[in-house]
Amino acid sequence: MRQILVIGIGTGNPEHVTIQAIRALNTVDVVFVLDKGGEKADLVALRREICERYIEDRPYRIVEAQDPERDRNPADYGVAVEDWHGARAALYEAMIARELPEDGTGAFLVWGDPSLYDSTLRIIDRIVARGRLAFDHRVIPGITSVQALAASHRIALNRIGAPVQITTGRQIAGGLSAEADTTVVMLDGDPTFAHLDPDLTIYWGAYLGSDDEITLSGRLGDVAGEIRRLRTEERARHGWIMDTYLLRRPAD
């Protein structure tokens, strides 16, 4: 039976790749990669670099396909994501069936960790549910941007006995949860911060783990403008930006 590995590769530093992931890579016949366009070509290049660095004395192929288009400003976010996942599932299923022998092992290399705000596992579940293609699959965890952010700022993720919420920019548009002492925000395409308490402390990082990593921290009211300026400059320079930030309420 075909084997599919979903391997977390960290946030941009090839040294984030774990020993477990390296061992898994050295069983792989085919690595599946989605091309997200010229602006994000370096994300594909990093995956190639990881394979070249860690796969030893084993023939393997890298199979690329164009990522299906996604509506970034949909009228109905849930429907748009559902349609995008459906298109990806059809693409993944076709790639596996066409490119991977029945006794072969294929891999998807996932940015960060497959469990946190990544669609790969849900898409594979869709393919399994369809029942058209038989394969087994396994998940190898990776370092997340949340871990990388805390490490870069040399902070603990939580205060003693206090809760942490991990959410998205879309979910804090109406403000932070009253229960969360610390909130980690991912996938915020355009953080404005204007609707948030300026006395929050923010720990922000972009391109975490990579040579281009940038971090900034301080009172939100003091550094929000600088963060937005940096985001604009770096997005223009790279053509894309991945950033994560942590918001912490003032101590009582």
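Not measured: the values here are computed from a predicted model.

Participant: Give a description of the pattern of salt bridges that names residues and reports values.
Facilitator: For side chains bearing opposite charge, pairing can occur when the charged atoms are close. In the structure shown here, the tally under the stated rule is 17 salt bridges. The closest approach of N and O atoms between Arg-159 and Asp-181, which form a salt bridge, is 2.7 Å. Highlighted residues: Arg-159 in the loop between α5 (145–153) and β6 (164–168) and Asp-181 in the loop between β6 and β7 (182–186), separated in sequence by 22 residues. On the accessibility criterion, Arg-159 (26% relative accessible area) is partly exposed. For Asp-181, a relative accessible area of 16% puts it in the buried group. Between Arg-237 and Glu-234 there is a salt bridge whose closest N-O contact spans 2.8 Å. In this pair, Arg-237 and Glu-234 are both assigned in helix α6 (residues 220–238), three residues apart and thus about one turn of the helix distant.

Participant: Lay out the nonpolar core with the relevant residues and their values.
Facilitator: Counting 21 residues, the largest nonpolar core has Phe-193, Leu-196, Ile-202, Trp-204, Leu-220, Tyr-245 and Leu-247 as the members making the most contacts within it. Breaking this core down by element, the ones donating at least two residues are β8 (201–206), α6 and β10 (243–248). Considering each element in turn, this core owes the most residues, five residues, to α6. Leave out the neighbours within four places in its chain, and Leu-196 touches Ile-172, Gly-175, Leu-176, Leu-220 and Leu-247.

Participant: Explain the sheet that holds β8 residue by residue, including any values.
Facilitator: The strand order across the open sheet formed by five strands is β6-β7-β10-β8-β9, and the pairing between neighbours is mixed. Strands at the two margins of the open sheet, each flanked by one partner only, are β6 and β9 (214–219). Neighbour-to-neighbour, the strand axes of this sheet turn through a mean angle of 15 degrees, independent of strand direction. Alignment of β8 against β10, held across six bridges, turns out to be antiparallel. Looking at β10, one finds that Tyr-203 is bridged to Leu-246. Docked against the sheet, α5 engages β6, β7, β8, β9 and β10, running at close to 110 degrees with respect to β8. Taken strand by strand, α6 contacts β8, β9 and β10, and its axis lies near 160 degrees from that of β9.

Participant: Before we move on, can you summarise the packing of aromatic side chains with the specific residues and values?
Facilitator: Inspection of the entire model under this criterion finds four aromatic pairs. Here Tyr-92 and Phe-108 contribute two aromatic rings whose centre-to-centre distance is 4.5 Å and whose plane-to-plane angle is 20 degrees, an arrangement assigned as stacked. A residue pair is termed long-range when its members are at least 10 positions apart, and Tyr-92 in helix α3 (residues 77–99) and Phe-108 in strand β4 (residues 105–110) qualify at 16 residues. Comparing Tyr-92 with Phe-108 shows no difference in burial state: the two are buried. Between the aromatic rings of Phe-193 and Tyr-245, the centroid separation amounts to 5.3 Å while the plane-to-plane angle is 75 degrees, which identifies the pairing as edge-to-face. One end of the pair, Phe-193, is in the loop between β7 and β8; the other, Tyr-245, is in strand β10, and 52 residues separate them in sequence. Look at Phe-193 and you get buried, because its relative accessible area is 4%.

So, how was this worked out
Residues numbered from 1 in each chain as written. Predicted model: local features only at pLDDT ≥ 70, side-chain atom pairs only at ≥ 80, totals over all residues. Heavy atoms only, no water. Salt bridge = Lys/Arg side-chain N within 4 Å of Asp/Glu carboxyl O. Helix = DSSP H or I, 4+ residues; strand = E, 2+ residues; numbered from the N terminus. Buried < 20%, exposed > 50% of the residue type's maximum accessible area, 1.4 Å probe, protein only. Core = buried A, V, L, I, M, F, W, Y, C linked by side-chain atoms within 4.5 Å. Contact = heavy atoms within 4.5 Å. Pairing = 2+ DSSP bridges. Axes fitted to C-alpha atoms, helices over the stretch in contact; angles between N-to-C directions. Phe/Tyr/Trp six-rings, centres within 6.5 Å; stacked < 30°, edge-to-face > 60°.

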